[in-house]
Amino acid sequence: MRSLLCLALSAASAVASAQSADAHGMPPVVVVRAAAAQPAATGRPETFTGGVRISSPFQAFPPGQAGGATVTFAARARTAWHTHPRGQTLIVIHGLGLVQQDGQAAQAIHEGDVVTIPPNVRHWHGAGPAESMTHIAIAEKEVGSTVTWQGKVSDQDYQAALDSTGLSPQTSAKPAAQSATQTASHTLTATQQAIPVIAAFTASSDMPRLHAALEKGLDAGLPVGEAKEILVQLYAYAGFPRSLNALSELLHVVEERKQRGIEDPPGREPRRAVPTGRDLVAAGRANQAEIAGGPVQGCVMDFAPVINQFLQAHLFGDIFERDNLDWQSRELATVGALAATPGAEAQLRSHMRASLRVGLGVAQLRQLVETLANGVNQDVAIRAKNALANALASASKDQP
């Protein structure tokens, strides 16, 4: 890919110095480039759809011709149609994605898969509908070029690829981070229903009812690690004091259950490292754009741009890059907390729209409203119901 190759070539100074030393009769040396020192860039809109981050570029020592980079696609992001004169190899290192050869059925690709693309075969690749996908891309130059770009993949073609592989938004989520009980369904699972209720009582600091909601969630199979991750994330929406109090309450619940002989599943820690430095900001910017439906702009961001820097680097970077909790669960928690926060209706409407973008279906969100009505109170449910109506109205206006 041209943008990928440009990044790789921009890092060639270290390679060139090693090569010049060899040309003067000195032995070649192994070059190690620190991750923090490597440039990162976003995919160009002419050749990519959606948020794409290109990092860790590399170029082989001559006479080697191979080069490439690590490429991260936000949910639903993808390349344009393109070919490679000498073919391409993709190594998927995180998430769920798609690859499709022109005239052939699309194929799902998962963490650990290796994709071999023959020379001059027209194809595209990108992320699934509900999570980011990262692969290492390797291609060789021919007459100085690694790629020929063609037309962009339409939304209709992308949706057809999802349908053909069974990865439509309502039947998929982040596979690497799903809870043990999450299944493909048009309804919320028991653990999913527990999340917004837990979040609502965290935001309102109702410790007795939070205690009961945590008990119910753990009884439904919510792993302790996922419960902790939900409460940690909520500091960004409800504040540190409420988050810390909720974590303390969870600790009490877990200890009490142990005394009763109940050993809850611990869950797991994130399986991949969260990026740092410029890569973190790039990841956060891509995640924010995917969740918000585009770059976040506005008078508040212009008035205090540092707040958006914090949002991108920390909330959508540090937190949303942790893959031990899927984005659907993160949005369920955010919606529950915001619905329980009077005065946060604008943010609630935004995150209800985001819930649709990360793959939660309309029926599931209506069930969420019912869950808040039954599990919290009518005021909270009404705020969520109004936000859902707004999100659906906005979605209908966006239809061609």
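It should be noted that the structure appears before, not after, this text.
Novice: Honestly, the overall build of the protein in this entry has me stumped. Any pointers?
Specialist: Assigned secondary structure in the protein consists of 15 helices and 13 strands. Expressed as a percentage of the 400 residues in the protein, the buried residues total 49%. Contacts spanning at least 24 positions in sequence make up 74% of the contacts within the protein whose residues lie at least 6 apart. About 17600 Å² of surface is accessible on the protein, with carbon and sulfur atoms providing 57% of the total.

Novice: How should I be thinking about the pairing of strand S3 (residues 52-59) in this particular structure?
Specialist: Each regular strand carries side chains that alternate between the two faces of the sheet. Within S3, six of the eight residues are buried, which leaves it mostly tucked inside the rest of the structure. Relative to S3, strand S1 (residues 41-42) is paired through two bridges, and the arrangement is antiparallel. Considered in S3, the bridge of threonine 42 is made with arginine 53. With six bridges connecting them, S3 and strand S4 (residues 66-73) associate as antiparallel partners. In the strand pairing of S4, glutamine 59 is matched with glycine 67. Joining the antiparallel neighbours S3 and S4 is a turn of six residues.

Novice: Which parts of the structure should I look at to understand the pattern of salt bridges?
Specialist: Two side chains that carry opposite charge are able to pair once their charged atoms sit near each other. Per the counting criterion, the structure on display carries eleven salt bridges. The closest approach of N and O atoms between arginine 78 and aspartate 155, which form a salt bridge, is 2.8 Å. Taken together, the residues arginine 78 in strand S5 (residues 78-79) and aspartate 155 in helix H3 (residues 155-165) connect sequence positions 77 residues apart.

Novice: Looking at this structure, how should I read the packing of helix H9 (residues 277-292) against helix H11 (residues 305-319)?
Specialist: The angle between the axes and the distance between the axes are what describe a pair of packed helices. It is at 7 Å that the axes of H9 and H11 come closest, and there the two elements cross at 90°. The angle between H9 and H11 places the two elements in the roughly perpendicular class. On H11, the residues touching Leu280, Val281, Ala283, Gly284, Arg285, Asn287, Gln288 and Ile291 of H9 are Asn308, Leu311, Gln312, Ala313, Phe316, Gly317 and Asp318.

Novice: Which parts of the structure should I look at to understand unusual backbone geometry?
Specialist: For residues that are not glycine, phi is negative in most cases, and the peptide bond is trans in most cases. Cis peptide bonds are those with omega within 30 degrees of zero, and the linkage from proline 62 to proline 63 qualifies with 10°. Mapping proline 63 onto the fold places it in the loop between S3 and S4. For serine 56, which is not a glycine, the phi torsion comes out positive at approximately 50°. With respect to the element layout, serine 56 can be found in strand S3. Residue asparagine 120 is not a glycine yet carries a positive backbone phi of 60°. With respect to the helices and strands, the residue asparagine 120 is situated in the loop between strand S10 (114-117) and strand S11 (123-127). Asparagine 120 sits in the exposed class, given a relative accessible area of 54%.

Novice: Help me out: how do you make sense of the side chain of aspartate 326 in this one?
Specialist: Turning to its location among the elements, aspartate 326 is positioned in the loop between H11 and helix H12 (327-339). Looking at aspartate 326, its side chain comes within polar contact range of the main-chain nitrogen of glutamine 328, at 3.1 Å.

Novice: What is the right way to read the packing of aromatic side chains from this model?
Specialist: What characterises a pair of aromatic rings is the spacing of the ring centres plus the angle enclosed by the ring planes. For the structure on display, the rule yields six aromatic pairs. Arranged with centres 6.3 Å apart and planes meeting at 55°, the rings of phenylalanine 48 and phenylalanine 73 form a pair that is tilted. In this pair, phenylalanine 48 sits in strand S2 (residues 48-49) while phenylalanine 73 sits in strand S4, placing the two residues 25 residues apart along the sequence. The interplanar angle of 50° and the centroid separation of 6.0 Å between the aromatic rings of tryptophan 124 and tyrosine 158 together place this pair among those described as tilted. Of this pair, tryptophan 124 sits in strand S11 while tyrosine 158 sits in helix H3; the two residues are 34 residues apart in sequence, bridging distant segments of the chain. As far as the burial class goes, tryptophan 124 and tyrosine 158 line up, both buried. Through successive ring pairs, a cluster of aromatic residues spans Phe48, Phe73 and Trp149. Directly above the ring of phenylalanine 320 sits arginine 330, whose terminal nitrogen or CZ lies 5.6 Å from the centroid.

How each quantity is defined
- Numbering of residues begins from 1 in every chain and follows the order in which that chain's sequence is written.
- Confidence filtering applies because this is a predicted model: local features only for residues at pLDDT of at least 70, side-chain atom pairs given and counted only at 80 or more, and all residues used for totals across whole chains, interfaces and linings.
- Think of the side-chain values as coming from all heavy atoms in the structure, minus any hydrogens and water.
- A run of DSSP states H or I qualifies as a helix once it reaches four residues; a run of E qualifies as a strand once it reaches two. Both are numbered from the N-terminal end.
- When a residue's accessible area, from a 1.4 Å probe over protein chains only, is under 20% of the maximum for its type it is buried; when over 50% it is exposed; and in between it is partly exposed.
- Residue contacts follow a heavy-atom distance rule, with two residues in contact if any of their heavy atoms lie within 4.5 Å.
- All accessible areas in this document rest on Shrake-Rupley with a 1.4 Å probe, and a residue is counted as covered only by the protein chains that are shown.
- Here the rule is simple: two strands pair whenever DSSP picks up at least two bridges between them.
- By definition, a salt bridge exists where a carboxyl oxygen of Asp or Glu is found within 4 Å of a side-chain nitrogen of Lys or Arg.
- Helix axes use the C-alpha atoms of the stretch in contact, all axes being lines fitted to C-alpha atoms, and the angles between their N-to-C directions lie in the range 0 to 180 degrees.
- Here is the rule for angles: anything less than 35 degrees is roughly parallel, anything more than 145 is roughly antiparallel, 65 through 115 is roughly perpendicular, and the remaining ranges are oblique.
- Here a polar contact means two N or O atoms within 3.5 Å. Within protein one must be a hydrogen donor candidate and the other an acceptor candidate, and residues neighboring in sequence count only if both atoms are side-chain atoms.
- Side-chain rings of Phe, Tyr and Trp (the six-membered ring for Trp) are treated as a pair once their centres are within 6.5 Å; stacked means planes under 30 degrees apart, edge-to-face means over 60, and tilted covers the remaining angles.
- Two limits define a charge over a ring: the Lys NZ or Arg CZ must be within 6 Å of the ring centre, and within 35 degrees of the ring normal.

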